[in-house]
Structure formats: C-alpha cells, structure tokens
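Observations on chain architecture
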Amino acid sequence: SSCDRSEVWMSHEKITTSIKSEKAICAISGGVDSAVAAALVSKSIHSNLRCVFVDNGLLRKNEAEQVSDALQTLNLNLTVIKASSTFLTRLKGVADPERKRKIIGKTFIELFESKIKSEKFLIQGTLYPDVIESVNVLGPSQIIKSHHNVGGLPKRMKLKLFEPLRELFKDEVREVGKRLGLPSEILERHPFPGPGLAVRIIGEITKSKLNLLREVDEIFISELRSASLYHHIWQAFAVLLSTKSVGVMGDNRSYENVIALRAVNSIDGMTADWSKLPHDFLATVSTKIVNCVHGVNRVTYDISSKPPATIEWE
Ligand code: XMP
C-alpha cells in the first residue's frame, strides 16, 4: 500500500542534493504525472524550476485555461506557449495517423527546446511501470504507435534527466499529489494522449472538426460525471469519424458526421475492456449530442477491447 512504501518517495534532501542550486525545467501535460513531479520538485527548489505548458490547439474544451488555473494555485513558475496556429498549419492536409503524431511530437520538441535557457535538469514524471515498459522486448519494428513523450527529447539538449517518481505506482503518485495539495481535477483525470484530439479525428484535422469534437466530448464527459460514472471508467472520449451518414431531420434528409463514443476499463492501458455503460445512459448521451451539436446525426458506441483494438482509434 501507499503507506508501506512511503520511504520510496523522493525526499526534499534527495532533491536538493541532486539539483543543488541549478535550474530545472519541466514540460507540463495537464496530466497527473507531470503535475505531481513538478509540484514535488518545486517545493524543494522553488523558482529554480520553470514549467512549460504547450497549448497545441488539440486540447479539449477550456482545457488550457483549466490546467493553467489549477497549476497557478500551486505557485508553479509556469510559462504557457500558445501555439495552436503553428500546430494546425503544420497538420494541414495530413491524414495519416503516424505522420500526425510525428509532426506533433517534433513541433512540441521544437517549441519546448526554444524555451530552455540556463536549465541543467529536465524534470520528468516517469513512473515505475514506464521504467519497466521502456525495456522494449519486442524491438523497434514492433512499435504500434509512436507515443509522444518528453522521453524522446533529443540528446543535443544536454539536460540531465531527473525523475522523482520513478519508483512509484500511479496510486502512490496520486497520494503524493494529494498531500502536495494538487486539485482533484488534475489528480483524478482520465489519461489524455499527447497528440490530443488529433488522434480522435480520423483523417485531416480542421478547426471546425476540432470545435465539433470539443462540444461532443464535453457532453459525454459531463454526462459521465453527472451520472457518477466518471470515476468508474479508466478512460472515456469521443471520436469524430471520417464517414458521413444519412439521417432524417423532420421531413428532410440529412447527411452528417458520425461519432463513436469510447469508454474503457483498464489497469495500465496495455490491455483494456470496453465499459458496459448502461443503455439508458448511452441513450441520454446520444440524444443530447445529436440535439445539441450541429453537424452530427449518428452516435455509435465502440465495443472493442484491447487487444485486438487499441484504446485510441489512431
Ligand atoms: P492505445 O491507443 O495505444 O493507448 O491503446 C493506450 C493509452 O495511451 C494513450 N496514448 C498516448 N499517450 N501519447 C501519450 O502520451 C501518445 O501518443 C498516445 N497514444 C495513445 C491513450 O490515450 C491510452 O490511455
């Protein structure tokens, strides 16, 4: 349990003897791990830690504001890079999932790199399961998706990696976060992929598709919260498909977008079961999406587990 393993938490002494009076930088994703890593280190080295949050324009509705507000309460020295137009311009016309990931990863690294000044350390929220998984038993040809993590930061940055959570499991990280006063919106969030909504829009990404998906996602997630289902699900989200479907609106034929809702239960994301959400609940969400979001006439629910499907569609 967390209590038995409290000795593996990185102590103030260990942090200060490692970093001394050097400066450190941390990329904040909005997820639990990077936020806890940053909060923990900042408690020891204060303003010598600078946190960078990249708003890539691929985030969910109001997400950038929510993350910066939540982190501001922790007095983190936070720089927000507003880069949505850079990302969207580079993604224009790109439909291939791996190309999208590569562009997003590369752009992220470029922007992050441009913010490095005299920092010597890179703080990263690597957890114990990540340490184990990174021993890639399958070999590089077996990589299924190129995950966009700070772990891939180029060697030329010459930053020393400092991973204060590398002996901890997720539940222990949440416990540390709780003790450090991180808000529950950050601690209890579902995982969200680095490439964001880009891998939830099948095919080319446009501003209007992003806006449509943001509205749909917000309905799904807020309904999960109001039905007290959010915390029983490991991850839930909506996907905008590239197919259009025929529907009927009043007396007229419609030809509009199709949404797939996905909710899974998992321990670590390596395998996952589709969640058996109540039919009444799915009916409510479907009706609300079609009634409230202009341009959607069909909602489907993904009943695939991992394997053989992956959690994300791209
Ligand atoms: P898949 O789709 O591979 O997803 O079954 C497993 C978990 O990883 C998340 N995911 C990512 N996270 N960068 C990330 O940081 C990525 O490129 C990425 N791709 C998938 C996904 O949301 C799920 O939780």
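Cut-offs applied
Residues numbered from 1 in each chain as written. Predicted model: local features only at pLDDT ≥ 70, side-chain atom pairs only at ≥ 80, totals over all residues. Helix = DSSP H or I, 4+ residues; strand = E, 2+ residues; numbered from the N terminus. Rg over C-alpha atoms; globule rule 2.2 N^0.38 Å. Contact = placed C-beta atoms within 7 Å. Pairing = 2+ DSSP bridges. Axes fitted to C-alpha atoms, helices over the stretch in contact; angles between N-to-C directions. Near = placed C-beta within 6 Å. Nonpolar A, V, L, I, M, F, W, Y, C, P; charged D, E, K, R; others polar. UniProt positions renumbered as here; feature names shortened; annotations may be inferred. Buried ≥ 20, exposed ≤ 12 C-beta atoms within 10 Å, placed from the backbone. Domains from an automatic or database assignment. Core = buried A, V, L, I, M, F, W, Y, C linked by C-beta atoms within 7 Å. Parallel < 35°, antiparallel > 145°, perpendicular 65-115°, else oblique. Left-handed = near helix turned anticlockwise from the far one by under 90°.

Within the chain one finds 10 helices and nine strands. Scaling as 2.2 N^0.38, a compact globule of 314 residues should have a C-alpha radius of gyration of about 20 Å, and the chain matches this with 20 Å. In terms of overall dimensions, the chain has a C-alpha envelope of 70 × 45 × 40 Å along the principal axes. Considering only contacts in the chain between residues 6 or more positions apart, those separated by 24 or more positions represent 77%.

Right, let's talk about the sheet that holds strand 3 (residues 78–82) for a bit. Taken in spatial order, the five strands line up as 3-2-1-4-5 in an open sheet, and their pairing is parallel. Pairing within the sheet leaves two strands with one partner each, and these edge strands are strand 3 and strand 5 (160–162). Sheet twist, expressed as the average angle between the axes of neighbouring strands with direction ignored, equals 30°. Where strand 1 (residues 24–28) lies against strand 2 (residues 49–55), five bridges are found, and the strand directions are parallel. Bridging from a neighbouring strand, Ala27 pairs with Val52 of strand 2. Across the sheet, helix 2 (residues 32–45) lies against strand 1, strand 2 and strand 4 (121–123), angled at about 155° from strand 1, the strand it touches most.

With that out of the way, let us pick up the site of the ligand. Taken together, 15 residues surround the ligand, and among them Pro193, Gly194, Thr310, Ile311 and Glu312 come closest. For the shell around the ligand, the residue count by class is four nonpolar, seven polar and four charged.

Another aspect to go through is the UniProt feature "binding site: ATP" (unreviewed entry) in the chain. Taking the numbering used here, the UniProt-annotated feature "binding site: ATP" (unreviewed entry) corresponds to Ser29, Gly30, Gly31, Val32, Asp33, Ser34 and Ala35. The class for Gly30 is buried, based on 23 C-beta atoms found within 10 Å. Discounting chain neighbours no more than four positions away, the residues touching Gly30 are Glu63, Val67 and Phe192. Given 21 C-beta atoms within a 10 Å radius, Asp33 is considered buried. In this structure, Asp33 is in contact with Gly125, Leu127, Leu165 and Val173, ignoring residues within four places of it in sequence.

On domain assignment, one finds that the chain holds domain 1 (6–187) and domain 2 (206–301). Relative placement of domain 1 and domain 2: their C-alpha centres are 29 Å apart. Listed as interface residues are four residues of domain 1 and, on the opposing side, five residues of domain 2. In the side of domain 1 that touches domain 2, the residues fall into two nonpolar, no polar and two charged.

What follows concerns the nonpolar core. Formed by 68 residues in total, the largest nonpolar core has its most connected members in Ala24, Cys26, Val36, Ala38, Ile123 and Val216. Each of domain 1 (6–187) and domain 2 (206–301) gives at least three residues to this core. Not counting the four nearest positions on each side in its chain, Ala38 is found in contact with Cys26, Ile28, Leu49, Cys51, Leu76 and Ile123.

Another point: unusual backbone geometry. For residues that are not glycine, phi is negative in most cases, and the peptide bond is trans in most cases. Pro307 follows Lys306 through a cis peptide bond whose omega is -15°. Tracing the backbone shows Pro307 in the segment after strand 9 (296–301). Looking along the chain, the bond that leaves Pro307 and enters Pro308 is cis, with omega of 10°. Phi at His46 is positive, roughly 50°, even though this residue is not glycine. Given 11 C-beta atoms within a 10 Å radius, His46 is considered exposed.

Moving on, we come to the packing of helix 1 (residues 12–19) against helix 2. Running from N to C, helix 1 and helix 2 point in directions that differ by 75°, and their axes come no closer than 9 Å. The angle between helix 1 and helix 2 places the two elements in the roughly perpendicular class. Residue-level contacts link His12, Ile15, Thr16 and Ile19 of helix 1 to Val41, Ser44 and Ile45 of helix 2. Taken together, the residues of the contact of helix 1 with helix 2 sort by class into four nonpolar, three polar and no charged.

All right, on to the pairing of strand 6 (residues 235–249) then. Sheet analysis places strand 6 next to strand 7 (residues 252–265), joined by 12 bridges and oriented antiparallel. Residue pairing across strands places Ala238 opposite Leu261, the latter belonging to strand 7. Hairpin remark: strand 6 followed by strand 7, antiparallel, with two residues in the connecting loop; positive phi at Gly250, about 60°.

We now examine the packing of helix 2 against helix 7 (residues 170–179). Direction vectors running N to C along helix 2 and helix 7 enclose 45°, while the axes themselves pass 10 Å from each other. Considering their axes alone, helix 2 and helix 7 lie oblique with respect to each other. Regarding helix 2 and helix 7, the two cross each other, and that crossing is left-handed. Contacts from Val32, Asp33, Ala35, Val36, Ala39 and Leu40 in helix 2 reach Val173, Arg174, Val176 and Gly177 in helix 7. In the contact of helix 2 with helix 7, the residues fall into seven nonpolar, one polar and two charged.

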